[in-house]
Amino acid sequence: MPQFSGHWYSGRAARLVFVEAALVGMALWINGQNARGWRELAALVAAAACVPAALYLADLYDPQVMRNDRTRGSGVLKALGFAALAAAIFGLLGGTLPRGALIDTLGVASVGVLLARAALVARLDEQGHNRVLVIGAGQRAAEIERIIRTEAYGEYEIAGKLDPSVDLSEPQQMVAGGGEVVTAAGPLLEQDGPEANEVALAPANEVVPASQLILGPGGAPQQIQGPIAEAKVAALRRVEEKPLATVVPLPTHPSPVIAVTARTLSDVVRDLKVDTVVIASEERRSRLPIEEFIRLRLCGVTVLPAQRFAERVLRRVPIALVRPSDLAIGDGLDSPVTSAIKRVFDLVMSAILVVCTAPLLALLAAVIKLDSEGPVFYGQERVGRGGKIFRLHKFRTMRIDAETVSGPVWAAQKDPRVTRIGAFLRKTRLDEIPQVFAVFRGDMSFVGPRPERPFFVQQLKSQIPFYGMREAQKPGITGWAQIRYPYGSSVEDARAKLEYDLYYVQHQSLFLDLAICCHTVKTVLFGRGAR
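Quantities reported herein were computed from a predicted structural model and do not represent experimental measurements.

Notes on helix α10 (residues 306-314)
With 8 of 9 residues buried, α10 lies mostly within the body of the structure. Count one or two residues on from α10 and you reach R315, which has phi positive near 55 degrees.

The following block contains the structure:
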């Protein structure tokens, strides 16, 4: 998974964006040569831009959506249909275009998009571009396996799993399920996803069934002798398991794993064609081949601890895999240069927002005043950077007596305290706009963690580890957690959103802020996650 300006992104999605942008540009270049004047050319450019814009608004550059839509392609077809409708509107506004130019441009671009997605997305297999060897045998290793299988969306695949307690230089004895001792001339390594020309056998953790193929030093299989051993192994069969790839079945078990011998970690990496090694051992004091890791890195293999690998895949920091030292050690989280750049960005974006919405703000103030009794704005104390308390103002969306009896409580779906116009403001996020005045004062940033009330902050700090790390950045009107996770209304929601906030704190950059702002527009347009 590649990185740009500190932010990890999907390599498959990036390739798709590049290819489709090139195809749309080619279609525009072919048909734009016949445009007469800048007005027709501008209309043609706007029409062509509707194709990638529609795909983006439909989340079709999101790895999970791409994977779910690949078999039917219904999302792509719907997005191209909306793009054609929007392009027709731009064509009419642009005046008389060259005959057939609009249809030709959209046709070439749409066909190119469908072909690109057929080649890059609609794959028949689940193999990723990056093969991972997991070193570990406990919960951390199991969590890394789960992340790769369920949340990597084809970017990674598991090449194998190795117990760090195994001495690769010594012969091993493994106890079979029926009590027989199966001896191998080298240690056994569990390998997933074998090639089509390999033998795939039953998965094993600490016990190796006698139905597995055991390779000796020269690659010759050990013999499993006797009908009793065969019968006992057959009784252990788990019928619900299915092969991951084309296999050569053994008489007693059709499930997919191959046991291989290796004398060194480098041999393991070479034999399994590993691209990334993930260290997921339970204890830092576990015996790890440090010199082998250094050799692997010199050979171009990526070696990562579990939490850093998960951070790449998930684009959040999973608290379950984080140790205190992971957050305590590292570069500073801020610098004078980055602070100055971010401050300029905050002021520019806030000024643009105020100028563009000024007439709407005046209208909303009048409607709020007419809809219910009370002031147009309401103010609350929020926790800012370094735990500093500041006062934040929003459009009022609740009755003036909303918390007189209940006190501070989490917002809920269809909250009875919300006014009629308040429900609309929350759905469209328009109630958030007055926060720009806190940005101008310097209490907030345009992008950052959500500002929380002191009452909830004290509660969450006592229940969620590392929650105070959010205060390394100023809170923001929008943020990474706000666009990646729905509105939070419980401690568990706060824990989940903290993982995104920790990612933002550690990877904040101008590029990530711009990406968040672009995604926020989509979130507001479709009213996602509002409450």
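Brief notes about a nonpolar patch on the surface
A contiguous nonpolar surface patch, about 410 Å² in accessible area, is contributed by M26, W29, I30 and V108. Per-element tally for the nonpolar patch: the top contributor is helix α1 (residues 11-32), with 3 residues. Here M26 is to be found in helix α1.

A word on the pairing of strand β4 (residues 156-162)
Among the 7 residues that make up β4, 7 are buried, leaving the element largely enclosed by the rest of the structure. Note: strand β3 (residues 130-135) against β4, 6 bridges, orientation parallel. The residue bridging N130 from the neighbouring strand is Y156, located in β4. Considered for its hand, the β-α-β crossover made up of β3, helix α6 (residues 139-151) and β4 is right-handed.

Remarks on the pattern of salt bridges
Counted under the stated rule, the structure contains 20 salt bridges. As a salt-bridge pair, D271 and R270 come within 3.8 Å of each other at their nearest N and O atoms. By relative accessible area, D271 is classed as partly exposed at 40%. Assessed through its relative accessible area of 53%, R270 is described here as exposed. Salt-bridge contacts for R295 lead to E291; the nearest nitrogen and oxygen are separated by 3.7 Å. One end of the pair is R295 and the other is E291, both in helix α9 (residues 290-298) and 4 residues apart, which spans about a single turn.

What to know about the side chain of E499
Residue placement: E499 occurs in helix α17 (residues 491-507). Its relative accessible area of 12% is what places E499 among the buried residues. Look past the residues within four positions of E499 in its chain and what remains in contact with it is R316, V317, P318 and I319.

Here we look at the packing of aromatic side chains
The final tally for this structure, using the stated rule, is 5 aromatic pairs. Ring plane angle 80 degrees and centroid distance 5.3 Å describe the contact between F455 and F456, whose orientation is recorded as edge-to-face. It is K522 that lies over the ring of Y56; its NZ or CZ is 3.9 Å from the centre.

Considering the nonpolar core
Ranked by size, the top nonpolar core spans 31 residues in total, and within it M444, V447, I464, W480 and I516 carry the most contacts. At the level of elements, β12 (389-395), α14 (436-441), β13 (445-447), α16 (480-484), α17 and α18 (510-525) are the ones that each hand at least two residues to this core. No other element matches the 7 residues that α17 contributes to this core. Beyond its immediate sequence surroundings of up to four residues, W480 is in contact with H7, R315, Y500, Y503, Y504, L512 and I516. Membership of the second largest hydrophobic core comes to 26 residues, among which are A13, A47, C50 and A101.

Observations concerning the packing of α6 against α10
Relative orientation and spacing of two packed helices are given, respectively, by the angle between their axes and the distance between those axes. Where α6 contacts α10, the axes come no closer than 11 Å and their chain directions differ by 15 degrees. Relative to α10, the element α6 is oriented roughly parallel. Pair α6 / α10 crosses with left-handed handedness. Contact residues: α6 offers R140, I144, I147, I148 and E151, while α10 offers A306, Q307, F309, A310, V313 and L314.

Topic: the packing of α17 against α18
Here α17 crosses α18 at 140 degrees, and the two axes come no closer than 9 Å. Taken together, the axes of α17 and α18 lie oblique to each other. Between α17, through Y503, Y504 and H507, and α18, the contact on the second element is made entirely by L512, D513 and I516. Broken down by class, the residue content of the contact of α17 with α18 amounts to 4 nonpolar, 1 polar and 1 charged.

Rules of the game
- Residues numbered from 1 in each chain as written.
- Predicted model: local features only at pLDDT ≥ 70, side-chain atom pairs only at ≥ 80, totals over all residues.
- Heavy atoms only, no water.
- Buried < 20%, exposed > 50% of the residue type's maximum accessible area, 1.4 Å probe, protein only.
- Helix = DSSP H or I, 4+ residues; strand = E, 2+ residues; numbered from the N terminus.
- Patch = residues over 30% accessible without salt bridge, like charges linked within 9 Å, V, L, I, M, F, W, Y side chains within 5 Å.
- Areas by Shrake-Rupley, 256 points an atom, 1.4 Å probe, with all protein chains shown as cover.
- Salt bridge = Lys/Arg side-chain N within 4 Å of Asp/Glu carboxyl O.
- Pairing = 2+ DSSP bridges.
- Right-handed = clockwise from strand over helix to strand, strands pointing away.
- Contact = heavy atoms within 4.5 Å.
- Phe/Tyr/Trp six-rings, centres within 6.5 Å; stacked < 30°, edge-to-face > 60°.
- Lys NZ or Arg CZ within 6 Å of the ring centre and 35° of its normal.
- Core = buried A, V, L, I, M, F, W, Y, C linked by side-chain atoms within 4.5 Å.
- Axes fitted to C-alpha atoms, helices over the stretch in contact; angles between N-to-C directions.
- Parallel < 35°, antiparallel > 145°, perpendicular 65-115°, else oblique.
- Left-handed = near helix turned anticlockwise from the far one by under 90°.
- Nonpolar A, V, L, I, M, F, W, Y, C, P; charged D, E, K, R; others polar.

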